[in-house]
Structure formats: structure tokens, C-alpha cells
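Examination of the molecular architecture
The chain contents come next:
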Amino acid sequence: MFTLYCRNSAGSAAVEALLALCEAPYKIEVLDRNPDGSFPEFFHRINPKAEVPTLVMPDDSIMTESAAMMIHIADLFPKAGMAPDLSSPQRAQYLRWMVYLAAALYNSDLRLFYPHRYTTVAAESEGIKARAEETMSREFEIYAEALGSNTFMLGKLSALDIYAAMLTSWAPDVPALFAKHPNLKAMYEAVTSVPAVKKVWERNGM
Ligand SMILES: N[C@@H](CCC(=O)N[C@@H](CS)C(=O)NCC(=O)O)C(=O)O
């Protein structure tokens with residue numbers, strides 16, 4: 001049994017959707033924040049960075065980093081067909097874009113939503129947000145160019161598209177993003193119409 005520590009509509013949503021889609025045995029623990037915005041003390045002992053998603057594996061070991069979880073879960077449940085296997089020529093692009101989403105887009109999101117964590121000078125927060133928004137816009141452009149006329153990055157649904165759909169849902173202006181990149185809109189709609197994903201998105205209030 002996997003236990004996923006999550007917060008609604010946070011980075012845990014894609015992992016939750018993938019666990020559901022793979023029909024993995026899992027349960028979720030939705031974390032409430034303390035009045036000061038921090039996560040409860042017990043959670044800091046599970047994940048010293050106190051971030052969601054945090055995944056407790058069936059052997060009780062702890063996994064952090066959402067993209068690593070996506071890759072690992074998809075590999076553990078090959079029947080679900082959510083990842084090209086190691087021998088597939090698509091494996092390189094799959095890993096490339098999964099890490100790109102985590103290292104580039106997710107990171108820009110964190111700077112946009114939590115700018116105060118990226119400076120010791122409060123007055124710099126607005127500048128950090130503005131630059132993050134610019135960077136994110138270019139990062140989406142690069143992803144959309146690679147997607148081209150495909151609905152899914154690898155030609156069929158994979159864990160990558162679920163992760164990408166979650167990140168597009170965090171864009172500061174989703175209608176504007178979809179107007180600029182109709183292929184991202186088509187990808188988002190296709191991913192979120194998969195029944196298992198739709199159910200998890202609804203549970204997350206997304
Ligand atoms: N690199 C981590 C980042 C995780 C992360 O920063 N999660 C955010 C929510 S999306 C979080 O829990 N931040 C701490 C907080 O909100 O207090 C991952 O990909 O899992």
C-alpha cells in the first residue's frame with residue numbers, strides 16, 4: 001500500500017491521478033496547514049522539506065520529488081501503459097520532458113506563488129514574480145512547440161501528459177495560456193477527460 005501525503009490541487013494531484021490510473025493500492029492523507037501556514041510537526045519528521053507530494057512506499061521508505069514519483073509509479077505498473085519502457089526509442093524524450101517540467105515549469109510556479117522564499121529582501125518579491133511569469137511563458141512555449149499537433153507528447157497518453165496537465169492548470173492565466181496554445185488546451189482536455197484523472201481532479205477541486 002502506498003500512502004500519498006497531499007494538499008488539494010498541489011503537486012500531489014498528478015501523482016494521485018497516476019496512482020488511480022495505474023490501479024495501484026494507495027490511500028491519501030490530506031494535510032491541513034497550521035494557522036501560520038506551516039504543515040503539522042509530524043509531517044516534518046516524514047519529509048524534512050515538508051513538501052507535498054510525499055509518498056510512503058509499500059516498504060515504508062519515503063519518496064519525495066513529484067517527477068521521480070511519476071516515473072517510478074508508471075514503471076511499477078507497466079500494464080497501465082503510462083511510460084515507454086527502457087528499450088523504447090521514446091524513453092529518452094519521455095525522461096527529457098518529465099525532468100523539464102519539474103526543473104523548469106514547476107520551479108517557475110514555485111517562484112511565482114512563493115516569491116518570498118527566493119529572497120531575503122521583501123521588496124524584491126514583485127520582481128521575482130514578474131520574472132517567473134515571463135520565464136514560465138517561454139517554458140510553456142517550448143513545451144507547446146514540442147507537442148506540435150499531437151494531443152499527447154508521445155502520441156499516446158503517458159504519465160508525462162498528466163504531469164503537464166497539472167502544471168498548465170497552475171498557469172497564472174489559464175484561459176490566456178490556452179488561447180495562445182490551443183494544443184495545450186487540447187492536451188489538458190484529453191487528459192482530464194480520462195475517467196480516473198477526472199475523478200482525482202474533482203476530488204482536488206481542480
Ligand atoms: N521538487 C518538489 C517540489 C514540491 C513542492 O514544492 N511542493 C509545494 C506544493 S506544490 C509545497 O509543498 N510547498 C511547501 C508548502 O506549501 O508549504 C516536487 O517536485 O515534489
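Here the structure is a predicted model, which is why all the values come from computation and not from measurement. (Residues numbered from 1 in each chain as written. Predicted model: local features only at pLDDT ≥ 70, side-chain atom pairs only at ≥ 80, totals over all residues.)

**Looking at the site of the ligand**
The condition that has to hold: Using a C-beta atom placed from the backbone, a residue is described as near a molecule or strand when that atom lies within 6 Å of it. Helix and strand assignments come from DSSP, with helices taken as H or I runs of at least 4 residues and strands as E runs of at least 2, each series counted from the N terminus. Ten residues, namely Ala, Val, Leu, Ile, Met, Phe, Trp, Tyr, Cys and Pro, are considered nonpolar, four, namely Asp, Glu, Lys and Arg, are considered charged, and the remaining ones, Gly among them, are considered polar. The domain boundaries here were taken from an automatic or database domain assignment.
Taken together, 13 residues are adjacent to the ligand, and A10, G11, E51, V52 and S66 come closest. Looking at the shell around the ligand, the elements with two or more residues in it are helix 3 (66–76) and helix 4 (91–113). Partitioned by chemical class, the residues of the shell around the ligand number eight nonpolar, three polar and two charged. Residues lining the shell around the ligand come from more than one domain, with at least three contributed by each of domain 1 (2–82) and domain 2 (91–194).

**Let's talk about the pairing of strand 2 (residues 26–30)**
Definition in use: Strands pair, by our definition, only if DSSP identifies at least two bridges between them. We call a crossover right-handed when, viewed with both strands directed away from the observer, the connection leading from the first strand over the helix to the second proceeds clockwise.
Sheet analysis places strand 1 (residues 2–6) next to strand 2, joined by five bridges and oriented parallel. Bridge pairing in strand 2 places Y5 opposite E29. As a crossover connection, the stretch from strand 1 through helix 1 (residues 12–21) into strand 2 is right-handed.

**Remarks on unusual backbone geometry**
Using the following cut-off: To sort residues by burial, count the other C-beta atoms lying within 10 Å of each one's C-beta; a count of 20 or more means buried, 12 or fewer means exposed, and anything in between means partly exposed. C-beta atoms are built from the backbone.
In this model, V52 is joined to P53 through a cis peptide bond whose omega is 0 degrees. As for its placement among the helices and strands, P53 is situated in the loop between helix 2 (41–46) and strand 3 (54–56). Its identity is not glycine, yet E23 carries a phi of approximately 55 degrees, on the positive side. Inspection of the secondary structure puts E23 in the loop between helix 1 and strand 2. The class for E23 is exposed, based on 11 C-beta atoms found within 10 Å. Residue D60 is not a glycine yet carries a positive backbone phi of 75 degrees. Counting through the fold element by element, D60 comes out in the loop between strand 3 and strand 4 (62–63).

**Let's talk about the sheet that holds strand 3**
We apply this condition: Note on contacts: each residue gets a C-beta atom placed from the backbone, and two residues are in contact if those atoms are within 7 Å. For helices, the fitted line uses only the C-alpha atoms of the stretch in contact; every axis is such a line through C-alpha atoms, and the angle between N-to-C directions lies from 0 to 180 degrees.
The mixed open sheet is built from four strands, whose spatial order is 2-1-3-4. The sheet is open, and its two borders are formed by strand 2 and strand 4, each paired with just one other strand. As judged from the three bridges shared by strand 1 and strand 3, these two strands associate in the antiparallel manner. Bridge pairing links Y5 to T54 in strand 3. On top of the sheet, helix 1 reaches strand 1, strand 2 and strand 3; it is set at about 155 degrees to strand 1, its chief contact.

**Quick look at helix 9 (residues 195–203)**
Along an α-helix, residues three or four apart share an orientation, since each turn contains 3.6 residues. Selection rule: The arc in question is the one traced by the directions running from the helix axis out to the C-beta atoms.
Looking at helix 9, one finds that the buried residues are V197, V200 and W201. Around the axis of helix 9, the buried residues are gathered within 105 degrees of arc, so they sit on the same side. Those residues of helix 9 that are exposed and angled more than 90 degrees off the buried face are P195 and E202. On its buried face, helix 9 is in contact with helix 1, helix 6 (159–169) and helix 8 (182–192). Looking one or two residues past helix 9, G205 carries a phi angle of roughly 70 degrees, positive in sign.

**Things to note about the nonpolar core**
As a reminder, the rule being used: Buried Ala, Val, Leu, Ile, Met, Phe, Trp, Tyr and Cys residues form a nonpolar core when they are connected through C-beta atoms within 7 Å.
Within the largest apolar cluster, 49 residues are counted, with the highest numbers of intra-cluster contacts made by L18, M70, A159, I162 and Y163. With eight residues, the top contributor of residues to this core is helix 6. Leaving out residues up to four positions away in the same chain, A159 has contacts with L18, M70, I71, A74, M82 and A83.

**Some details on the packing of helix 1 against helix 3**
The cut-off we apply is this: Orientation is classified from the angle alone, with under 35 degrees giving roughly parallel, over 145 giving roughly antiparallel, 65 to 115 giving roughly perpendicular, and any other angle giving oblique.
Contact geometry of helix 1 with helix 3 gives a least axis separation of 9 Å together with a crossing angle of 5 degrees. One element, helix 1, and the other, helix 3, form an angle in the roughly parallel class. Residues A14, V15, L18 and L19 of helix 1 form the contact with helix 3, whose participating residues are S66, M69, M70, I73 and A74.

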